[in-house]
Each structure stands twice: as C-alpha cells, then as structure tokens.
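Residue-level listing of the chains:
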Amino acid sequence: MWIGWLEFDILLGDVRSLKQKRSVIRPVIAELARRFSVSAAETGSQDLHRRAAVGIAVTAADRAHVVDVLDAAERLVAARPELELLSARRGLRRSTDDD
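About the criteria used
- Residues numbered from 1 in each chain as written.
- Predicted model: local features only at pLDDT ≥ 70, side-chain atom pairs only at ≥ 80, totals over all residues.
- Heavy atoms only, no water.
- Helix = DSSP H or I, 4+ residues; strand = E, 2+ residues; numbered from the N terminus.
- Rg over C-alpha atoms; globule rule 2.2 N^0.38 Å.
- Contact = heavy atoms within 4.5 Å.
- Phe/Tyr/Trp six-rings, centres within 6.5 Å; stacked < 30°, edge-to-face > 60°.
- Lys NZ or Arg CZ within 6 Å of the ring centre and 35° of its normal.
- Core = buried A, V, L, I, M, F, W, Y, C linked by side-chain atoms within 4.5 Å.
- Buried < 20%, exposed > 50% of the residue type's maximum accessible area, 1.4 Å probe, protein only.

Draft legend 1. Examining the overall build of the protein more closely. Scanning the protein for helices and strands turns up two helices and four strands. Secondary structure elements of the protein occur, N-terminal to C-terminal, as β-α-β-β-α-β. Relative to the 2.2 N^0.38 estimate, which gives 13 Å for 99 residues, the radius of gyration of the protein is 14 Å and therefore close to what a compact globule would have. Summarising its shape, the C-alpha atoms of the protein cover approximately 45 × 25 × 20 Å along the three principal directions. Of the contacts made within the protein by residues no fewer than 6 positions apart, 71% connect residues no fewer than 24 positions apart.

Okay, here's the thing in structure tokens:
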C-alpha cells in the first residue's frame, strides 16, 4: 500500500474575517474530497484570516495512482483564482517502509 500527502500553504485574497475565510476554504476542501476521494482538512493557521494550511491524504495499492492524485489536487488548488498557493509540501511512503 502507498500513502501520499500534500500540505498546502495558501494566501487568501480579500478576506477580512475568519467567517469569510471559512466561506473560501470549506468549498476547496469539499471539492478536493469529492473529486479525488481523498481525506482533506484545514490543518493549520486557523487563527489567521488571510492564511490557511490545507492537507490531503490518499492511499492506494499503486504508487503511480497516488502520485497522479496528488499532482491533480495540486493543480486544482493552484488554479483557484481566489487563492494564492505559496507552497506545497509532499510526502510519499510505502506501508512496508521502515521508519
């Protein structure tokens, strides 16, 4: 089994409150989960209204499938006009890898 994850550091546009931030981030998280069958959540910067950290995780039997899903998810986030993707950190492991 292969396990892959991405953590996005995102700068939001004209957002002036945490409520506005949620209205921008929640649809992105929902779309990631729906389109790619991944686990997705806001993973950091919850107290900042113009920054967000969003993480996704995916598992599959095939390494190539995990890489394809992570690539597609990164393209989706990068293409959102209301977001500026500052960075994306990626990890990929096999379940049999030693620590």
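After that view, the rundown keeps rolling.
Draft legend 2. Geometry of the packing of aromatic side chains. Tallying each qualifying case throughout the model produces zero aromatic pairs. The ring of Trp2 has Arg63 lying over it, and the distance from NZ or CZ to the ring centre is 5.8 Å.

Draft legend 3. Representation of the environment of Ser37 in the model. Within the secondary structure, Ser37 sits in the loop between helix 1 (18-36) and strand 2 (39-44). For the pair Ser37 and Ala57, spaced 20 residues apart in the sequence, the C-alpha separation amounts to 9.3 Å.

Draft legend 4. How the structure looks around the nonpolar core. Ranked by size, the top nonpolar core spans 26 residues in total, and within it Phe8, Ile10, Leu32, Phe36, Ile56 and Val77 carry the most contacts. Of all the elements in the fold, those that place two or more residues in this core are strand 1 (2-12), helix 1, strand 3 (51-60) and helix 2 (63-79). Among the elements that make up this core, the one with the highest residue count is helix 2 (seven residues). When neighbours within four sequence positions are excluded, Val77 is seen to be in contact with Phe8, Ile10, Val28, Leu32, Leu83 and Leu85.

Distances and angles like these do not, on their own, reveal function.
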